[in-house]
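Residue strings, one per chain:
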Amino acid sequence: QTFTNIASQKDIYLDLVYADWKFMPGADLILGKQPYPFFRPGQSLFYDGDFNPEGAAVKFGRGMFFGSAYGWWLQESYNANPAGNNSDANIFGGQLGLKFPLFAGTAYAATTTLAASYYECGACRHSNPFWSGGNAYGNTTITQGSGSSAIQVLKYDYQPVQLSGEIAMKLFNLPFSFWVDWAQNTASGVQYDTAYNIGAMVGKASDAKTWEAGLMYQSMDKDALYAQMIDSDFAGGNTDTDGWVLKAGYAPVKNISLNATYFINSINKDVPPPTTPANNFTGLNYNRLQLDVNYKF
């Protein structure tokens, strides 16, 4: 925050602020702006790491079983016309899973995690719960209203069923993980409704002179997932995309890592953009290189 503007009160930005109450053995009640309360496989890009939902969640774990249930607020809605849409957009969902050893007692001993999830975006259809300048980030929209009061709103509901799996093990004495993520929007009328992510990572850039590398492929139909929550780097944070991600990292000293990520993506894979016929095309290339220096303390 810059100290200017005639000694005014200052805006602040909150990333996380929540209470975590362990109300019984193996169970937590979480209230506030919180991390995701559910398992996400590997480095799947179905959810953005910078999205910290706001609301309440219950998590539990007992033996090999785990799960969660949650309710989040997305947006306050107000319409001067009492007959208009005044319902607040929200998300309610849950996950059930199990985590168990595989090939125990052998050189290929692994930990396997499987999970099934579901969420419903309530009051999202025919509304505009968009966080950045009214951008739907690929989800299908329709025009509501007319003239100067016309706005773009979501055409469909979002009720995705998601199946996730991950295997973590040692391979040639190096950490190795392989994961699969699949989702399908079960809401009525949706045409482009399926997403999947498959990938693997080997090594871990943590101690001095250690390294890691990974490769993944993702395909996400236009209305498979509610786009405001998906990863913002893959194809610019849009649905209706597919392509590869290559990752590499190296730690020259402990606590510092150098990372490179290269996205080789295609956007508008399902539906051409609503532009002039001369630009009405699918499969637009989207390539992005990210270089990062990370310091952990």
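Whatever comes next refers back to the structure up there.
The rules behind the values
- Residues numbered from 1 in each chain as written.
- Predicted model: local features only at pLDDT ≥ 70, side-chain atom pairs only at ≥ 80, totals over all residues.
- Heavy atoms only, no water.
- 1 Å grid on protein atoms, 1.4 Å probe; cavity = no way out; pocket = protein on both sides within 12 Å on 5 of 7 lines; lining within 4 Å.
- Points joined across faces, edges and corners; volume = space filled by probe spheres on them.
- Helix = DSSP H or I, 4+ residues; strand = E, 2+ residues; numbered from the N terminus.
- Nonpolar A, V, L, I, M, F, W, Y, C, P; charged D, E, K, R; others polar.

**Describing the layout of surface pockets**
Empty space within the largest pocket amounts to approximately 1100 Å³. Lining the largest pocket are 43 residues, and of these Gln43, Met201, Glu212, Lys247 and Asn259 sit closest to its centre. Elements represented by at least two residues in the lining of the largest pocket include exactly strand E9 (160–171), strand E10 (174–185), strand E11 (194–203), strand E12 (210–220), strand E13 (241–253), strand E14 (256–267) and strand E15 (284–295). When residues of the lining of the largest pocket are assigned to their parent elements, the largest contribution, 6 residues, is made by E14. Looking at the lining of the largest pocket residue by residue, the class counts come to 17 nonpolar, 14 polar and 12 charged. Empty space within the second largest pocket amounts to approximately 550 Å³. Surrounding the second largest pocket, 25 residues form its lining, Asp50, Phe51, Asn52, Trp131 and Gln228 being those nearest its centre. Considering every element that reaches the lining of the second largest pocket, the biggest residue donor is strand E4 (residues 65–75), with 4 residues. Tallied by class, the residues present in the lining of the second largest pocket amount to 13 nonpolar, 6 polar and 6 charged.

**Quick look at empty space enclosed by the protein**
It is the rolling of a water-molecule-sized probe over the atoms that shows where space remains empty. This model, assessed by the stated rule, comprises 1 cavity of 30 Å³ or more. Counted as a void, the largest cavity has a volume near 40 Å³. For the largest cavity, the full set of lining residues is Tyr47, Tyr70, Ser117, Tyr118, Tyr119, Pro160, Gln162, Ala183 and Leu225. When contributions to the lining of the largest cavity are tallied by element, the ones reaching two or more residues are strand E6 (110–122) and E9. When residues in the lining of the largest cavity are grouped by element, the largest group, 3 residues, is from E6.

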